[in-house]
Amino acid sequence: MQTRWIVCALGILAVLSQISVADPIDTAPAKSVPEKQPVVAADEDQLRSSIPGVPADSDDFFKQEKKYIVKCESGEKQEFFGAWRNCLDLKYQFATVENPKDRRLLYKALEEVDEYVHISGTDLGKEGLPVWFTNGRVVDMNRIGCDPDDNPPRGGNDNNEWRDCLSVKRDDELNNFVCKWESCQKSRCYVCQDYLT
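Residues numbered from 1 in each chain as written. Predicted model: local features only at pLDDT ≥ 70, side-chain atom pairs only at ≥ 80, totals over all residues. Heavy atoms only, no water.

Caption draft 1: The overall build of the chain, seen in detail. The helix and strand tally for the chain stands at 6 helices and 7 strands. Mapped from its N terminus to its C terminus, the chain presents α and β elements in the order α-α-α-β-α-β-α-β-β-α-β-β-β. Evaluated residue by residue, the chain yields a buried proportion of 36% over its 197 residues. The contacts of the chain with a sequence gap of at least 6 include a subset with a gap of at least 24, amounting to 71%. Of the roughly 12,500 Å² of accessible surface on the chain, 51% is carried by carbon and sulfur atoms. (Helix = DSSP H or I, 4+ residues; strand = E, 2+ residues; numbered from the N terminus. Buried < 20%, exposed > 50% of the residue type's maximum accessible area, 1.4 Å probe, protein only. Contact = heavy atoms within 4.5 Å. Areas by Shrake-Rupley, 256 points an atom, 1.4 Å probe, with all protein chains shown as cover.)

Caption draft 2: Representation of the pairing of strand 5 (residues 165–171) within the structure. Of all 7 residues making up strand 5, 5 are buried, and the element is well covered by its neighbours. In terms of strand pairing, strand 3 (residues 117–122) meets strand 5 through 3 bridges, oriented antiparallel. Pairing of Thr122 across the sheet is with Cys165, part of strand 5. Judged from the 7 bridges that link them, strand 5 and strand 6 (residues 176–182) form a sheet pairing that is antiparallel. Across the sheet, the residue bridging to Cys165 is Glu182, located in strand 6. (Pairing = 2+ DSSP bridges.)

Caption draft 3: Local environment of the environment of His118. Considering the arrangement of structural elements, one finds His118 in strand 3. Separated by 63 residues in the primary sequence, His118 and Trp181 place their C-alpha atoms 9.8 Å from one another. Excluding residues that lie within four positions of it along the chain, His118 makes contacts with Gln78, Glu79, Phe80, Phe94, Leu166, Ser167, Glu182, Lys186, Arg188, Cys189, Tyr190 and Val191. At a separation of 3.4 Å, a polar atom in the side chain of His118 contacts the side chain of Ser167. (Polar contact = N/O pair within 3.5 Å; in protein donor to acceptor, adjacent residues only side chain to side chain.)

Caption draft 4: Broad picture of helix 5 (residues 100–109). For helix 5, the set of buried residues is Asp102, Leu106 and Tyr107. Seen end-on, helix 5 carries its buried residues on one side only, within an arc spanning 135 degrees. Residues of helix 5 that are exposed and angled more than 90 degrees away from the buried face: Arg104 and Lys108. Elements in contact with the buried residues of helix 5: strand 1 (66–71), strand 3, strand 5, strand 6 and strand 7 (189–195). (Arc of directions from axis to C-beta.)

Caption draft 5: Geometry of the state of the cysteines. Taken as a whole, this structure holds 4 disulfides when the rule is applied. A disulfide bridge connects Cys72 with Cys189, and the sulfur atoms are separated by 1.9 Å. Given an S-S torsion of about 50 degrees, the disulfide between Cys72 and Cys189 has right-handed geometry. Taken together, the positions of Cys72 in the loop between strand 1 and helix 4 (80–89) and Cys189 in strand 7 put the pair 117 residues apart, joining distant regions of the chain. Since its relative accessible area comes to 24%, Cys72 is described here as partly exposed. In this structure Cys189 comes out as buried when scored by relative accessible area, which is 0%. A sulfur-sulfur distance of 2.0 Å marks the disulfide that ties Cys87 to Cys192. Judged by the sign of its S-S torsion, about -85 degrees, the bond between Cys87 and Cys192 is left-handed. Linking Cys87 in helix 4 with Cys192 in strand 7, this pair joins segments that are 105 residues apart in sequence. Among the residues examined, Cys87 registers a relative accessible area of 0% and is labelled buried. (Disulfide = S-S within 2.5 Å.)

Caption draft 6: Structural view of helix 4. With 7 of 10 residues buried, helix 4 is to be regarded as a mostly interior element. Residues Phe80, Phe81, Gly82, Ala83, Trp84, Cys87 and Leu88 constitute the buried set of helix 4. Following helix 4 by one or two positions, Lys91 adopts a phi angle in the positive range, close to 70 degrees.

Written out as structure tokens, the structure is:
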């Protein structure tokens, strides 16, 4: 139990270390605000490079197409946090599935894989509220193509096993995915993502 919390805390600290915190709100009387200066190219490049794989402009972020990189060669299987760390080391992100286009791309990427793979869904932050570890957005099981009531995340089962991390498997009969919430310490193949520019 203690190991689980330590692993969770380390993962959260690693994510928080990559987030910049805005200055505290100034309660002093309002001052005149200088006219907004245009961003110069060097500043844009600096902003775009501050978070690997994520463009500075959020509108660009949602318009960009993803590519999925499946890591399933011999010796590449990892537990959830190892998979996340390896994706970052490769300058990728841990995979999310946030719309029908993502689902189609991931389905195609898993064409040759006949086993469950880790993607970045987890409810380690709040039991029963799964989010994408990569970006903190809520996981919509319907967008992945999974039944939200099938094998939901939970704190333990008859074997006292924690099921806090999401794995998916391509199911050709259903032409969709089968989702499985399981222990984050289970070693599996995993999927990273990158954005095409």
